[in-house]
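Inside the fold
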Amino acid sequence: MNGRVFGRSKTMEDFPTEDEGVFYSKAEHYWKEVPPTVDGMLGGYGSISSIDISGSKKFLQKFLGEGKGKTRPGCALDCGAGIGRITKRLLLPLFRTVDLVDVTHEFLEKARSYLGEEGKRVENYFCCGLQDFQPQPERYDIIWIQWVIGHLTDDHLVEFLRRCRGALRPEGLIVIKDNVAYEGVVPDEVDSSVCRDLQILHRLVARAGLVIVHEEQQQNFPEEIYQVHTLALR
Ligand SMILES: C[S@@+](CC[C@H](N)C(=O)[O-])C[C@H]1O[C@@H](n2cnc3c(N)ncnc32)[C@H](O)[C@@H]1O
């Protein structure tokens, strides 16, 4: 998700054949070296954070409110939360409590100060890879997964989404917001991630037993970066 990942890739290759353990440990090493700042979270594109958050807020507000089928403003889970950029500006303003999960301990430590006074409403900081994370069943109204799915193998992503499904409260929602490749799977050797095209992502979501209830492309991002899509799943 560094500068290079945000840039358009010229090649389309299959998922890396290297050992799964290496895929994950390379990513962990990569993120340990990244400064715990908004710019660090966005690979040098910190300036797009406000556009991103406004787009997410508009997207999420379609589902929130009172009445049948509406998602309640109870408990949110921020997956691959980093320093809590999304928790601070999107989730804490809209939900009573938030949990964060990220593999990088230093980012979660930074989140404790970065989130300020409102951070008191964070109930849990889980330091864990999403491939191993077991969310508590029926705990969350929203599970927000942004700019991190490329760090999971296909099978781990499907299994993680299945666990997320079990972790939703009634009328709860899973949201994936991420880069999409033009075609196929584009590996990034620098941060040890992949970028999948939309068709592949749709297939993985279906394998997890989830249905796409709404999908949008984020507008007004710089031309040179990947397209970013937001998917609401149940
Ligand atoms: C591009 S940053 C995005 C951070 C945040 N979602 C945001 O949009 O501001 C990717 C984050 O994913 C985390 N990460 C990488 N691999 C992970 C994994 N396997 N499980 C959980 N978090 C992971 C990194 O530590 C980093 O905080």
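Every value quoted in this text rests on a predicted model; they were computed, and no experiment measured them.

Check the secondary structure of the chain and you find eight helices and nine strands. Reported as C-alpha extents along the three principal axes, the dimensions of the chain are approximately 45 × 35 × 35 Å. Residues classed as buried in the chain amount to 38% of the 234 residues present.

Below, the discussion takes up the packing of helix 7 (residues 154-166) against helix 8 (residues 198-207). The relative placement of two packed helices is expressed as an angle between their axes plus a distance between the axes. Interhelical geometry of helix 7 versus helix 8 gives an angle of 50° and a closest axis separation of 8 Å. Considering their axes alone, helix 7 and helix 8 lie oblique with respect to each other. Handedness of the crossing formed by helix 7 with helix 8: right-handed. Only L204, V205 and R207 of helix 8 make contact with helix 7, whose side of the interface consists of D154, L157, V158 and L161.

Before going further, it helps to examine the UniProt feature "binding site: S-adenosyl-L-methionine" (unreviewed entry) in the chain. The UniProt record marks G80, R85, D102, V103, T104, L130, Q131 and Q146 with the feature "binding site: S-adenosyl-L-methionine" (unreviewed entry), using the residue numbering of this structure. Following the sequence through the fold, V103 ends up in the loop between strand 2 (97-102) and helix 6 (105-114). Given 23 C-beta atoms within 10 Å, V103 falls into the buried group. Residue contacts for V103: discarding those within four places in its chain leaves E28, C128 and G129. Looking at the element boundaries, T104 is found in the loop between strand 2 and helix 6.

For the rest of this paragraph, the subject is the environment of P187. Counting through the fold element by element, P187 comes out in strand 6 (residues 185-188). Residue class for P187 comes out buried when judged on the 20 C-beta atoms lying within 10 Å of it. For P187 and E109, which are 78 residues apart along the polypeptide, the C-alpha to C-alpha distance reads 29 Å.

In this section: unusual backbone geometry. Positioned with a positive phi, E138 is a non-glycine residue whose angle comes to about 55°. Turning to its location among the elements, E138 is positioned in the loop between strand 3 (122-127) and strand 4 (140-146). Look at W147: it is not a glycine, yet its phi comes out positive at around 50°. You can call W147 buried: it has 24 C-beta atoms within 10 Å.

Conventions used here
Residues numbered from 1 in each chain as written. Predicted model: local features only at pLDDT ≥ 70, side-chain atom pairs only at ≥ 80, totals over all residues. Helix = DSSP H or I, 4+ residues; strand = E, 2+ residues; numbered from the N terminus. Buried ≥ 20, exposed ≤ 12 C-beta atoms within 10 Å, placed from the backbone. Axes fitted to C-alpha atoms, helices over the stretch in contact; angles between N-to-C directions. Parallel < 35°, antiparallel > 145°, perpendicular 65-115°, else oblique. Left-handed = near helix turned anticlockwise from the far one by under 90°. Contact = placed C-beta atoms within 7 Å. UniProt positions renumbered as here; feature names shortened; annotations may be inferred.

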